[in-house]
Amino acid sequence: MSYFSDIYKGIKTLLTGMMVTGKYFVTARKSIITQQYPDNRATLKMFDRFRGEVVMPHDEANEHRCTGCQKCELACPNGSIEIVWDRIVDPETKKKKKVIEKHIYHLSMCTMCGLCIEACPTDAIKWAQNFENAVYDRTQLTKVLNKPGSKVKAGIED
Amino acid sequence: MMKTLSITKTIHEFLFGLMPEGVAMVVEWVLIAAVYLAFFALAGLLLVWMERRIAAFFQLRLGPNRVGPAGLFQTVADALKLVTKELTGTARADQFLYNLAPYFVIVAALVILSVIPFSAEFQAFDINIGVFFVMAVSSIGVIGVLLGGWASNNKYALIGAMRSGLQTVSYELSVGLSILTIVLLAGSLQLSEIIEAQRTGGWFILQGHIPAVIAFMIFMISGVAETNRAPFDLVEAESELGAGFHTEYSGMKFAYFFLAEFINMFIVAAIAVTLFFGGHLSPFGITESLPWLGVFWFMIKVLIIIFLMMWFRWTFPRLRVDQLLTLEWKYLLPLNLMNIVLMAVIIWLNWTF
């Protein structure tokens, strides 16, 4: 006689499912889980894990943490990062030292894999949370990450 | 002889006063056809909008809310887009059948629409075998689906169409038998008489109590299956067959299939309302003195049933083919047969309310 109990169980489970979705339907207007993007543009806060683009943070003294080791350039699978570097003589120690002139980042080629950020030994680059990356000219997608006149923070290379 | 809309009696008399009888009749036919076509398009667009909004709410989204108030004109915009789209076809497809298929589907839907009593006076064709007519014509729609799938020259479309044939052949039986249970109670096949029988004794779902409720449940299940909607949408299972039988259709031809699906949903809901919930009659006769409110009550009831079908769609997972057949042949059909006997016994013993 499992025939009729099967029917009973079937109807019961179907009703349970309908209860769940019905609850969603009734509360839908209050608990919308999607972001109403263009409307909430002013208040929209992206999550920490979000990968917008690679940036190089600078402190107030216009100093970054990049030593020019080029590990990010090597780690990048599609050549999005180019580092133009130079050697200068350190006035204190009289030794030759590698410094970056330009940390060039091609956002147009970047796949947001994050290998450069993992590879960086000094945490000089990190993810930004911006997401409106569209521009009218693709040359604007090639960015120089270090600000003009910036220099490496003292003590990073030690 | 065709009983024309008496809600438009003045128009009728005006036309017949204006021109000779033959011409007036043709003009009247054209007018009625225009009204029904307009209803077909408007109801289709409205139902698509409703489906999308309700689906969104079930999934905790907002759905279309940009075009017009509450996104009401979104489907109009979609339809305009579909009109402007190119009509593509497959190489070496059967062009004649390929173009014919959408018309089978919409013509079947339109013909059924003509016998549905929207109110006591708003029914284009009050045929005395109404229920039988609905059953017979609704099976024509599946020919369109089969033709479309076959003529597309696409194996997924063909698989979808064959599944549709299988499904319709199976579930037609359940629809018929569950309708028969109510016909036993009503003692008539004429849709307007079935409604009149519910005026005195209450709606059939109350009059027939247990067997009527069982019949209603079976009708809803098999009705959803007849319209090829989820959870019985293995005809156009997106994850398995692309889009099923209308994979190769584009533009307006696709829109015809799409609209017909929603009109068929409307028809199933309308038949359910007519048979079980008193059609255009108001609940407990609260607006008995205002018969023109019939359309309003009818639409309210139909929309509630349609909402129920949408609720099914966004809750239940799709059945496998074997589960589909098991449900029909091992559960619905035997229950239905038992139910008919039960109904007959109840009527014989006069246990109806």
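This one's a predicted model, so the numbers in the text were calculated from it and none came from an experiment. (Residues numbered from 1 in each chain as written. Chains lettered and ligands numbered in written order. Predicted model: local features only at pLDDT ≥ 70, side-chain atom pairs only at ≥ 80, totals over all residues. Heavy atoms only, no water.)

Draft legend 1. The environment of Met109(A), seen in detail. Residue and element names in this part refer to chain A. Structurally, Met109 is set in the loop between strand E4 (96-106) and helix H3 (115-119). Accessibility expressed as a relative area gives 37% for Met109, which makes it partly exposed. Along the chain, Met109 and Asn130 lie 21 residues apart, while their C-alpha atoms are 17 Å from each other. Setting aside residues up to four positions removed in sequence, Met109 forms contacts with Asn78, Gly79 and Ser80. (Helix = DSSP H or I, 4+ residues; strand = E, 2+ residues; numbered from the N terminus. Buried < 20%, exposed > 50% of the residue type's maximum accessible area, 1.4 Å probe, protein only. Contact = heavy atoms within 4.5 Å.)

Draft legend 2. Main features of the nonpolar core. Judged by nonpolar contacts, the single largest core of 96 residues is most densely connected at Leu113(B), Ile179(B), Phe266(B), Phe276(B) and Ile306(B). When residues of this core are assigned to their parent elements, the largest contribution, 16 residues, is made by helix H12 (residues 251-276) of chain B. With sequence-adjacent residues up to four places away left out, Ile306(B) is seen in contact with Leu47(B), Met50(B), Met265(B), Phe266(B) and Ala269(B). Residues Cys72(A), Leu107(A), Cys116(A) and Trp127(A) belong to the second largest nonpolar core, which totals 18 residues. (Core = buried A, V, L, I, M, F, W, Y, C linked by side-chain atoms within 4.5 Å.)

Draft legend 3. Structural view of the interface of chain A and chain B. At the junction of the two partners, chain A supplies 20 residues and chain B supplies 21 residues. Summing the contributions of chain A and of chain B, the shared interface buries around 1,800 Å²; its carbon and sulfur component is 75%. Between chain A and chain B we count one salt bridge in total. Linking Asp39(A) and Arg66(B) is a salt bridge whose minimum nitrogen-to-oxygen distance equals 2.9 Å. Where chain A meets chain B, there are six residue pairs in polar contact (both at pLDDT 80 or more). Grouping the amino acids of the side of chain A that touches chain B by side-chain chemistry returns 11 nonpolar, six polar and three charged. (Buried area = accessible area lost by both parts, 1.4 Å probe. Salt bridge = Lys/Arg side-chain N within 4 Å of Asp/Glu carboxyl O. Polar contact = N/O pair within 3.5 Å; in protein donor to acceptor, adjacent residues only side chain to side chain. Nonpolar A, V, L, I, M, F, W, Y, C, P; charged D, E, K, R; others polar.)

Draft legend 4. Representation of the sheet that holds E4(A) in the model. Residues and elements named next belong to chain A. With antiparallel pairing, the three strands of this open sheet are ordered in space as E3-E4-E6. Only two strands of the sheet have a single partner each, and these edge strands are strand E3 (81-89) and strand E6 (142-144). Within this sheet the neighbouring strands show an average axis-to-axis angle of 25°, counted without direction. Bridging between E4 and E6 involves three bridges; their strand directions are antiparallel. For Tyr105, the partnering residue across the bridge sits in E6 and is Lys143. (Pairing = 2+ DSSP bridges. Axes fitted to C-alpha atoms, helices over the stretch in contact; angles between N-to-C directions.)

Draft legend 5. Spatial organisation of the packing of helix H5 (residues 130-138) of chain B against helix H6 (residues 140-151) of chain B. Residue and element names in this part refer to chain B. Put simply, H5 and H6 touch, their axes get as near as 4 Å, and they point 5° apart. Accordingly, the angle class assigned to the pair H5 and H6 is roughly parallel. Between H5, through Ala136, Val137 and Ser138, and H6, the contact on the second element is made entirely by Ile140, Gly141 and Val142. Here the residues of the contact of H5 with H6 are counted per class, giving four nonpolar, two polar and no charged. (Parallel < 35°, antiparallel > 145°, perpendicular 65-115°, else oblique.)

Draft legend 6. Local environment of the packing of aromatic side chains. Inspection of the entire model under this criterion finds 27 aromatic pairs over all chains. Among the aromatic residues, those joined into a cluster by ring pairs are Phe25(A), Phe57(B), Phe58(B), Phe307(B) and Trp311(B). (Phe/Tyr/Trp six-rings, centres within 6.5 Å; stacked < 30°, edge-to-face > 60°.)

Draft legend 7. Focus on the environment of Phe16(B). All names here are of chain B. Note on placement: Phe16 falls in helix H1 (residues 9-18). For the pair Phe16 and Asn228, spaced 212 residues apart in the sequence, the C-alpha separation amounts to 43 Å. Ignoring anything within four residues of it in the chain, the contact list for Phe16 reads Glu21, Ala24, Met25 and Glu28.

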